[in-house]
Amino acid sequence: MNLLITGCCGHIGSYLIEHVHKIKKIKKTFIVDNLRSNQINSLFNSKKKNNLYFSIKDLTQKSCLDEFKNVDYVIHLASMTNAANSFANKKLMYYNNIESMKNIIKFCMKNRAKLIHISSTSVYGKQAEIVDENCEKKYLKPQSPYADIKLMEEKMLKKVSKKIRYSTFRFGTIAGVSKGMRFHTAVNQFCLNAALGKHISVYKTALHQYRPYLSLKDAYKTFKYAIENDLFENDIYNVLSENCTVNQILKKIKRYKKNIKIKFVNSQIMNQLSYHVSKKKLNLKGLFLENKIELDIKNTLKLLENI
Ligand SMILES: NC(=O)c1ccc[n+]([C@@H]2O[C@H](COP(=O)([O-])OP(=O)(O)OC[C@H]3O[C@@H](n4cnc5c(N)ncnc54)[C@H](O)[C@@H]3O)[C@@H](O)[C@H]2O)c1
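Rules used throughout
- Residues numbered from 1 in each chain as written.
- Predicted model: local features only at pLDDT ≥ 70, side-chain atom pairs only at ≥ 80, totals over all residues.
- Heavy atoms only, no water.
- Helix = DSSP H or I, 4+ residues; strand = E, 2+ residues; numbered from the N terminus.
- Rg over C-alpha atoms; globule rule 2.2 N^0.38 Å.
- Buried < 20%, exposed > 50% of the residue type's maximum accessible area, 1.4 Å probe, protein only.
- Contact = heavy atoms within 4.5 Å.
- Areas by Shrake-Rupley, 256 points an atom, 1.4 Å probe, with all protein chains shown as cover.
- Core = buried A, V, L, I, M, F, W, Y, C linked by side-chain atoms within 4.5 Å.
- Near = heavy atom within 4 Å.
- Polar contact = N/O pair within 3.5 Å; in protein donor to acceptor, adjacent residues only side chain to side chain.
- Nonpolar A, V, L, I, M, F, W, Y, C, P; charged D, E, K, R; others polar.

A.B. asks: In this structure, what is going on with the overall build of the protein chain? I would like to understand it.
C.D. replies: Scanning the protein chain from terminus to terminus reveals eight helices and 14 strands. Here the C-alpha atoms of the protein chain give a radius of gyration of 19 Å, agreeing with the 19 Å that 2.2 N^0.38 yields for 307 residues. Reported as C-alpha extents along the three principal axes, the dimensions of the protein chain are approximately 55 × 45 × 40 Å. For the protein chain, the proportion of its 307 residues judged to be buried stands at 52%. Counted over contacts in the protein chain with a minimum sequence separation of 6, partners at least 24 positions apart contribute 82%. Total accessible area computed for the protein chain in this model is approximately 14800 Å², and 51% of it derives from carbon and sulfur atoms.

A.B. asks: Hey, could you run me through the nonpolar core in this one?
C.D. replies: When a protein is soluble and globular, its nonpolar side chains tend to lie buried together. In terms of nonpolar packing, the biggest core is built from 36 residues, with Ile-5, Ile-75, Ile-116, Phe-169, Phe-171, Phe-223 and Ile-227 touching the most fellow members. Contributions of two or more residues to this core are made by β1 (2–6), α1 (11–19), β4 (73–76), β5 (114–120), β7 (166–171), α5 (216–228) and β11 (235–239). No other element matches α5, which puts six residues into this core. Residue contacts for Phe-223: discarding those within four places in its chain leaves Ile-12, Leu-16, Ile-75, Leu-77, Ile-116, Ile-118 and Phe-171. Membership of the second largest hydrophobic core comes to 26 residues, among which are Ile-98, Met-101, Phe-107 and Cys-108.

A.B. asks: Looking at this structure, I do not really get the site of the ligand. What am I missing?
C.D. replies: The full set close to the ligand counts 28 residues, and His-11, Asp-33, Thr-81, Tyr-146 and Ile-174 are the nearest of them. Asp-33 is positioned with one of its side-chain polar atoms (N or O) 2.6 Å from an oxygen atom of the ligand. With respect to the ligand, the backbone of Ser-79 contributes an N or O atom lying 3.4 Å from an oxygen atom. Surface burial for the ligand is 95%, taken as the share of its 830 Å² of free accessible area covered by protein chains. Counting only elements with at least two residues in the shell around the ligand, the list comes to α1, α2 (90–111), β5, α3 (145–159) and β8 (173–175). Residue classes in the shell around the ligand are distributed as nine nonpolar, 14 polar and five charged.

Here it is in structure tokens:
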């Protein structure tokens, strides 16, 4: 079977392409990225056993995927992803992510390819206590253009549900080392600032608020599980390793880097509510994600220890 991965040079994609050979069904993997991020380094020293075929493609271009035939699965990771910056880049982000999604859906329908679509737990904007995938619509309150786009993508898929097979995975904030790792999300940014001896900026309301985090290893485990167990039931699943407060994340960092400096700041995406995201629905499908965010933090700090 053949797989197409979009956004292969990003944080998650670069990890996935290094491990894709472990997904037994997959023989050949087409990988695409528009390289706007210039992260060709994500493809350095790729292993022959992964059987990767890279092309530069911009997914906003209508016929950009026409050359790919016999694709059985698509993992769609290509996206503009910086939530905090999405207020300033709103127009471009809507265009890039929505047009890309349209073209991916068309491609999957035409080729009968099964789709893994990545959404985000940030669609649960203002929530209290535990949130699950079946929560009432009124609780889906994205707090940024980025999260709003994710919800739009989910709706686009629901609309064509009879013509395509897919899973939408709402990922928590990623932690973990990869060749294309980026540092605009909470855990990685905190680790980078800790390593540089700079202040760690924490949203004023966020210190004791719970949020969901996802280890890269568990993200990969989810892709593998979906393909190997044919988990394409046109449904939505939360995907996370742990719910933690920012304070708990900072404590984990302090175990490996003693003197860290913290500064409290305002942000457009902060809010007053703390919430736990439930992973029960995925557990009921037989998938258990238990990797420790602390290990990802340790590995990230190790990577940065001599700078
Ligand atoms: N990193 C996280 O914490 C996190 C959390 C929840 C969901 N997600 C989602 O997971 C997916 C992958 O995230 P990531 O962290 O690897 O992102 P990333 O920003 O590191 O990588 C995205 C990649 O997509 C490419 N890309 C963007 N637009 C493109 C286009 N039009 N055509 C081709 N390539 C394009 C970029 O060049 C980049 O290499 C995204 O949908 C993201 O929203 C990420």
